[in-house]
Amino acid sequence: MYQIITHAIGFVATALQIGSFQCKSSRKLIYMQLYGNTAFLIHMFMLGAYSGCVSLLISVIRNFILTSRRSWAYWKGWPWLLVAANLFGTALTWESIFSILPCIAVVSLTIAGWSRNGKKIRIANLCVVSPSWLLYDYFAGSYSGIVTELFTLCSVGVSVLRYGWKALDTT
């Protein structure tokens, strides 16, 4: 029963992540990813994939900051603080060489996400984020994570076809 619940939570996260790339607005994209990352954080914890948990926690915090319109959220040091926290957390939860993969993914998306530019976020997902998570998910036994990254790659492609690169190049 535990495994069924674990993977069900993962597939809820999958639906949220896949849907995020069909949002034309970068702000809506980030909100959807906030909810998806939260569900994946729970999923990875239940799988015992703690390096993934740390990186997902950083992602949740990052997306929360990116969606905030309060003055503190515009501090220019946030991305670097989050990158440092992710590196530190990865070192604390090191399991194997595969532990570096979620860290690479989250660092890349943190830098791209801070641009608040849909085009840069999608390029980061295509080239670094999804490939890194895809490998980590395989070794962590996250079926929903694998499905998510395969669909994410397809979804990003569909969003580019729907809107074109130029329409996505806004903050």
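The shown structure was predicted, so the numbers you read here are calculated from the model rather than taken from an experiment.

Contact pair helix H3 (residues 50-67) / helix H5 (residues 100-113): the axes reach a minimum separation of 9 Å and the direction vectors enclose 10 degrees. Classed by the angle they form, the pair H3 and H5 counts as roughly parallel. Contact residues: Ser51, Gly52, Ser55, Ile58, Ser59, Arg62 and Leu66 in H3; Pro102, Cys103, Val106, Leu109, Thr110 and Gly113 in H5. Residue composition of the contact of H3 with H5, grouped by class: six nonpolar, six polar and one charged.

Below, the discussion takes up the side chain of Asn63. Summarising the element assignment, Asn63 is placed in helix H3. Given the relative accessible area of 1%, Asn63 is considered buried. In terms of polar contacts, Asn63 uses its side chain to reach the side chain of Arg62, at 3.1 Å.

Let us now look at the confidence of the model for the protein chain. Mean pLDDT over the protein chain stands at 90; residues scoring 70 or higher make up 96%. Per-element averaging of pLDDT across the protein chain places helix H7 (residues 143-168) at the bottom with 84 and helix H4 (residues 78-92) at the top with 96.

What follows deals with the packing of H5 against helix H6 (residues 118-140). Running from amino to carboxyl end, H5 crosses H6 at an angle of 170 degrees, the nearest separation of the two axes being 8 Å. As far as their axial angle goes, H6 and H5 are roughly antiparallel. Judged by residue contacts, Leu101, Pro102, Ile104, Ala105, Val106, Ser108, Leu109, Ala112 and Gly113 of H5 engage Lys120, Ile121, Ala124, Asn125, Val128, Val129, Ser132, Trp133, Leu135 and Tyr136 from H6. Partitioning the contact of H5 with H6 into residue classes produces 14 nonpolar, four polar and one charged.

Criteria and cut-off values
- Residues numbered from 1 in each chain as written.
- Predicted model: local features only at pLDDT ≥ 70, side-chain atom pairs only at ≥ 80, totals over all residues.
- Heavy atoms only, no water.
- Axes fitted to C-alpha atoms, helices over the stretch in contact; angles between N-to-C directions.
- Helix = DSSP H or I, 4+ residues; strand = E, 2+ residues; numbered from the N terminus.
- Parallel < 35°, antiparallel > 145°, perpendicular 65-115°, else oblique.
- Contact = heavy atoms within 4.5 Å.
- Nonpolar A, V, L, I, M, F, W, Y, C, P; charged D, E, K, R; others polar.
- Buried < 20%, exposed > 50% of the residue type's maximum accessible area, 1.4 Å probe, protein only.
- Polar contact = N/O pair within 3.5 Å; in protein donor to acceptor, adjacent residues only side chain to side chain.
- pLDDT = per-residue confidence, 0-100.

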